[in-house]
Amino acid sequence: MSPPRLHLPKLADDPRTSFPSTTTALAEPAGLLAWGGGLETERLLAAYRQGIFPWYSTGDPILWWSPSPRCVLFPKRVHVSRRTRRRFNKGEFRVAADTAFDAVIRACAEPRKDQPDTWITLEMQQAYSALHAAGYAHCVEVWRDSGLVGGIYGIALGRMFFGESMFSRESDTSKIALIALCQHLHAWDFGLLDCQVPNPHLMSMGAKRIDRQEFEARLHQLVVQPGLPGPWTSLLKVKQRW
């Protein structure tokens, strides 16, 4: 589906260009707001502060989204299944943060059985690596010995975390990464983890759907609070047992 045929606003090349109001996002495709522009750090930060994110396929223009309802996790309410709890408590895995950001985003970009193509293009990987270098993008990694077996990455602004993608190379390892992230977001008084759109995996872990009005009210309150800039490597101290 071609964005111009949908009469979407096109963003200018200047990364300081304002985004359209999120209330103008399309109902179908749900949440599509604008197209064009670039993935400069300045533009991406402005987008996330308004609850807008890029999502597009290779060969397409950059598409910007603001869906409603929004899928979110309240960090203190994340659900830990007995199976996942048992797997972690066996001591097979080590959890770390911000020690292998590029490896995590590359792993998230790998083809999957139900998703042979990836939206995490090389351009996207470079843009989020720049955000990581600037202290805004973070990852949580799950390791078995020296092998990276699971992880998640996203953006932190104020006391709000915007989850982008996660991966598993072993059963439950993306869940372990997400649960460890939520543990620490809760400890650091982060009020919300944005999951963007729902899926069964997230819903089974306690994710909820909230409407745009509630999401943006929480967003605007949280992103202006003091954040935790820089690498989280020294901050993350994961419990050895749950």
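Our structure is the block above this text.
Let us look at the structure shown here. As the structure is a computational prediction, the values presented were derived from the model and not from experiment.

**Some thoughts on the sheet that holds strand β1 (residues 10-11)**
Strands sit in the order β1-β2-β4-β3 across an open sheet of four strands; the sheet is mixed. Looking at which strands have only one partner, the edges of the open sheet turn out to be β1 and β3 (53-54). Here strand β2 (residues 32-36) pairs with strand β4 (residues 63-65) via three bridges, running antiparallel. What sits directly across from Ala34, in β4, is Trp64.

**Examining the pattern of salt bridges**
Going through the model one piece at a time under the given rule, you end up with eleven salt bridges. Of the charged contacts in the structure, one is a salt bridge between Asp172 and Arg83, with a shortest N-O distance of 2.9 Å. Taken together, the residues Asp172 in the loop between β9 (160-168) and α5 (173-187) and Arg83 in helix α2 (residues 82-89) connect sequence positions 89 residues apart. Overall, the relative accessible area of 9% leaves Asp172 in the buried class. Ionic pairing is found between Arg218 and Glu214, a salt bridge with its closest N-O pair at 3.1 Å. With Arg218 and Glu214 both in helix α7 (residues 212-222) and four residues apart, the pair spans about one turn of that helix. The exposure class assigned to Arg218 is partly exposed, which follows from its relative accessible area of 33%.

**Looking at the sheet that holds strand β8 (residues 147-157)**
Strand order in this open sheet of seven strands is β6-β7-β8-β9-β10-β5-β11, and the pairing throughout is mixed. Each edge of the sheet is formed by a strand with only one pairing partner; in this case those strands are β6 (94-97) and β11 (208-210). Looking at each pair of strands side by side, their axes are set apart by 35° on average, direction ignored. Pairing of strand β5 (residues 70-73) with β11, which is carried by three bridges, proceeds in the antiparallel orientation. When the sheet's bridge partners are listed, Cys71 is paired in β11 with Arg209. The sheet contacts of helix α3 (residues 101-109) involve β7 (137-144), β8 and β9, and relative to β8 the element is tilted by about 100°. The strands touched by α5 are β5, β6, β7, β8, β9 and β10 (192-196); relative to β9, the strand with the most contacts, the crossing angle is about 160°.

Basis of the calculations
- Starting from 1, residues in each chain are numbered consecutively following that chain's sequence as written.
- Whole-chain, interface and lining totals are the exception, using all residues; otherwise, since this is a predicted model, local features are given only for residues with pLDDT of at least 70 and side-chain atom pairs are given and counted only at 80 or more.
- To obtain the side-chain values, all non-hydrogen atoms of the structure were included, while hydrogens and water were left out.
- Here a strand pair is declared whenever DSSP counts at least two bridges between the two strands.
- Helix and strand labels come from DSSP, where a helix needs a run of H or I of at least four residues and a strand needs a run of E of at least two; each type is numbered from the N terminus.
- What counts as a salt bridge is simple: a side-chain nitrogen of Lys or Arg found within 4 Å of a carboxyl oxygen of Asp or Glu.
- Accessibility here uses a 1.4 Å probe with only protein chains present; expressed as a share of the type maximum, an area under 20% marks a residue as buried, one over 50% as exposed, and anything in between as partly exposed.
- To obtain each axis, a line is fitted to C-alpha atoms, and for helices this fit is confined to the stretch in contact; angles are then taken between N-to-C directions over 0 to 180 degrees.
- Two residues qualify as a contact provided that any one of their heavy atoms is within 4.5 Å of a heavy atom in the partner residue.

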